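Residue-level listing of the chains:
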Amino acid sequence: MKSFQALFIEKEQEKISLHFRETSIDQLPENDVLIEVHYSGINYKDGLAVLPDGKIVRSYPFIPGIDASGVVVESKSALFQVGDEVIVTSYDFGVSYFGGYSEFIRVPAEWVVPLPVGLSLKEAMILGTAGFTAALSVDALEFSGVTPEDGKIAVSGATGGVGSLSSAILSKRNYQVVAASNKADAKEFLQKFGVSEVVSREAFQPEKVRALDKQLFAGAIDCVGGKSLAYLLTAIQYGGAVTTCGMSAGGKLDSTVYPFILRGIQLFGIDSVLCPMPKRKRIWNRLATDFRLTNLDELATEISFTDLPTALHQIMNGGITGRYLVKIK
């Protein structure tokens, strides 16, 4: 098969560099399903991969990218046929196993999700891991019993990929969203998706976090961790719920048991990496049906494969609102 392009991370001492390199199929890991990649995306974890101390990539040179959508061109698995449109995210993909910033990938069949009816390959990567994580979060809130009639839902880190997609899905499901962000364009951006109220990041990070605060929200989707999560736990009304999926504001949680034993709230940890395949398929199908967003193009900035290195550095400098969609093919 002809050669193709992939983006490699290389490391020399403590210096990281990104280079497009011509490679071939036989240089990919041997596995079940060979996929021609049409689209990928950029996630916070992809940004970490280009940092010398990002603690994502374990060996170099390496092809990053934790998301990919494309078409099967070879399959050793009965689960997939040539021509199938598919999604690959999670597991070790783009972390310790060559990822999606490549014109072709070869992966285990058990990592591959059939593209749900109702989604295009492009839409699947506007969503990507961020959209999948957002959908897991909203699904958990609904599972907890929190309904739109119960009150407002707080979303921290609302202009990031998970936060913006969580806000959009919640709004579609008729929840009233209070979104926190300090970006100048946050209000205009989030109101496109039905967000009712945008507050500053500091609104969810008071100088002092009390053991119990005013009961302002029926639930919350926390995308940043740290002090925001500590505060939101104290501001949830009786019987409410909080989901947590990120730690850009810190991995330490300084809290008490009071919100749990005096208000009966629930805290859900959201993991997209090892989510079981039956649940994974159910959530992707929700993204194609009752969670489907009709204005996804407004959420994403499409870039070419060649623009990817610049964009990867931007995400770590807080320079991205919403999602970057990477057109590979």
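Residues numbered from 1 in each chain as written. Predicted model: local features only at pLDDT ≥ 70, side-chain atom pairs only at ≥ 80, totals over all residues. Heavy atoms only, no water.

- Looking at an unreviewed UniProt entry, the protein chain carries the name Acryloyl-CoA reductase, with the source organism given as Listeria immobilis.

## Some words on the pairing of strand E15 (residues 323-327)
Working note: regular strand, side chains alternate between the two faces of the sheet.
Here's step 1: In terms of burial, E15 is largely enclosed, as four of its five residues are buried.
Here's step 2: Pairing geometry for strand E3 (residues 33-41) and E15, over three bridges, is antiparallel. In the sheet register, Gly41 faces E15, and the bridge partner there is Leu325.
Here's step 3: As defined by bridge partners, strand E14 (residues 300-304) adjoins E15 across five bridges and the pair is classed as parallel. Residue pairing for E15: Ser304 is matched across the bridge by Lys327. (Buried < 20%, exposed > 50% of the residue type's maximum accessible area, 1.4 Å probe, protein only. Helix = DSSP H or I, 4+ residues; strand = E, 2+ residues; numbered from the N terminus. Pairing = 2+ DSSP bridges.)

## Side note on unusual backbone geometry
Here's step 1: Of note, the amide linkage connecting Tyr60 to Pro61 takes the cis form, showing an omega dihedral of -10 degrees.
Here's step 2: Position of Pro61 relative to the elements: it lies in the loop between helix H1 (44-49) and strand E4 (67-75).
Here's step 3: The backbone of Ser90 shows a phi angle near 75 degrees, a positive value even though the residue is not glycine.
Here's step 4: Tracing the chain through its elements places Ser90 in the loop between strand E5 (85-89) and strand E6 (104-107).
Here's step 5: When its relative accessible area of 7% is taken as the criterion, Ser90 is described as buried.
Here's step 6: Positive phi values are uncommon outside glycine, yet Tyr91 reaches one of about 55 degrees.

## Description of the side chain of Thr243
Here's step 1: Examined against the element boundaries, Thr243 turns out to sit in strand E12 (residues 236-244).
Here's step 2: The contact partners of Thr243, leaving out residues within four places of it in the chain, are Ser137, Ala140, Leu141, Ala220, Ile221, Asp222, Phe268 and Ile270. (Contact = heavy atoms within 4.5 Å.)

## Digging into the nonpolar core
Within soluble globular proteins, side chains that are nonpolar generally end up buried alongside one another.
Here's step 1: One finds Ile35, Ile42, Val107, Leu170 and Trp284 to be the most contacted residues of the largest nonpolar core, which totals 102 residues.
Here's step 2: It is helix H2 (residues 121-144) that provides the largest number of residues to this core, a total of 13 residues.
Here's step 3: In contact with Ile42, other than residues within four places in its own chain, are Tyr101, Ile303, Leu308, Ala311, Leu312, Ile315, Arg323, Tyr324 and Val326. (Core = buried A, V, L, I, M, F, W, Y, C linked by side-chain atoms within 4.5 Å.)

## Some details on the pattern of salt bridges
Here's step 1: Evaluated as defined, the whole model comprises 15 salt bridges.
Here's step 2: Its salt-bridge partner being Asp139, residue Arg286 comes within 2.8 Å of it at the nearest N-O pair. One end of the pair, Arg286, is in helix H7 (residues 277-288); the other, Asp139, is in helix H2, with 147 residues separating them in the sequence. As far as the burial class goes, Arg286 and Asp139 line up, both buried.
Here's step 3: The partner of Arg173 in a salt bridge is Asp290, and the shortest N-O contact between them spans 3.5 Å. Taken as a pair, Arg173 in the loop between helix H3 (161-172) and strand E9 (177-180) and Asp290 in the loop between H7 and E14 lie far apart in primary sequence, 117 residues in all.
Here's step 4: Classification of Arg173 by relative accessible area gives partly exposed; the value is 26%.
Here's step 5: Salt bridges here are not isolated pairs; linked through shared partners, they connect Asp139, Glu142, Arg173, Arg282, Arg286 and Asp290. (Salt bridge = Lys/Arg side-chain N within 4 Å of Asp/Glu carboxyl O.)

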